[in-house]
Amino acid sequence: MASATNTTTTGGIADTISNAASYVTETVKEYTSATSKEANKEIAKGNTDASLTDRASAGFSAVGDKLSEHGHEAKAEAHKEAAKH
């Protein structure tokens, strides 16, 4: 019986470690998306020598980066909560 309990505990620890690692990964991806979004926003605003086409493309990219940022934020939060339990 002790063996079954030990396996469950080991599995729980492994799951916690996995969720913690996933939390860190998603948090890094969230910050990377946020940085990219800010860079694209600056280009879209015309704060560089970029062409009108490049500015429009940067605007679309900024929107995509924002969506990605929120997705990674949600995933990170889910992993964080899972690691707590």
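Residues numbered from 1 in each chain as written. Predicted model: local features only at pLDDT ≥ 70, side-chain atom pairs only at ≥ 80, totals over all residues. Heavy atoms only, no water.

Looking at the overall build of the protein
Phase 1 of the analysis: Regarding its fold elements, the protein presents 2 helices and 0 strands.
Phase 2 of the analysis: Its C-alpha atoms give the protein a radius of gyration of 20 Å, clearly above 12 Å, the size a compact globule of 85 residues would have.
Phase 3 of the analysis: Viewed in the frame of its principal axes, the protein has a C-alpha envelope of about 70 × 15 × 15 Å.
Phase 4 of the analysis: The buried share among the 85 residues of the protein stands at 16%.
Phase 5 of the analysis: Contacts spanning at least 24 positions in sequence make up 68% of the contacts within the protein whose residues lie at least 6 apart.
Phase 6 of the analysis: When the accessible surface of the protein is summed, it comes to about 5,800 Å², and 61% of that surface belongs to carbon and sulfur atoms.
Phase 7 of the analysis: The positive charge centre, built from 9 side chains, and the negative charge centre, built from 12, are 3 Å apart in the protein. (Helix = DSSP H or I, 4+ residues; strand = E, 2+ residues; numbered from the N terminus. Rg over C-alpha atoms; globule rule 2.2 N^0.38 Å. Buried < 20%, exposed > 50% of the residue type's maximum accessible area, 1.4 Å probe, protein only. Contact = heavy atoms within 4.5 Å. Areas by Shrake-Rupley, 256 points an atom, 1.4 Å probe, with all protein chains shown as cover. Lys, Arg positive; Asp, Glu negative; His and termini not counted. Charge placed at Lys NZ, Arg CZ, Asp CG, Glu CD.)

Structural notes on the environment of glutamate 42
Phase 1 of the analysis: If you trace the backbone, glutamate 42 turns up in helix α1 (residues 2-45).
Phase 2 of the analysis: Taking the C-alpha atoms as reference, glutamate 42 lies 28 Å from glutamate 77; in sequence the two are 35 residues apart.

Things to note about the side chain of histidine 72
Phase 1 of the analysis: Within the secondary structure, histidine 72 sits in helix α2 (residues 52-84).
Phase 2 of the analysis: Not counting the four nearest positions on each side in its chain, histidine 72 is found in contact with Glu26, Lys29, Glu30 and Ser33.

Let's talk about the pattern of salt bridges
Phase 1 of the analysis: Inspection of every chain in the model, using the stated rule, returns 5 salt bridges.
Phase 2 of the analysis: Here lysine 37 ties to glutamate 38 by a salt bridge, and the two come within 3.6 Å at their closest N and O atoms.
Phase 3 of the analysis: The class for lysine 37 is buried, based on a relative accessible area of 10%.
Phase 4 of the analysis: Here lysine 84 and glutamate 81 are joined by a salt bridge, their closest N and O atoms 3.3 Å apart. Placement of the pair is lysine 84 and glutamate 81 together in helix α2, with a separation of 3 residues, close to one helical turn.
Phase 5 of the analysis: Taking the relative accessible area as the measure of exposure, glutamate 81 reaches 31% and is therefore partly exposed. (Salt bridge = Lys/Arg side-chain N within 4 Å of Asp/Glu carboxyl O.)

Here we look at the confidence of the model for the protein
Phase 1 of the analysis: Averaged over all residues, the pLDDT of the protein is 90; the fraction at 70 or higher stands at 91%.
Phase 2 of the analysis: Counting interchain partners and residues more than four positions distant, the pLDDT-below-50 stretch residues 1-7 has 0 contacts. (pLDDT = per-residue confidence, 0-100.)

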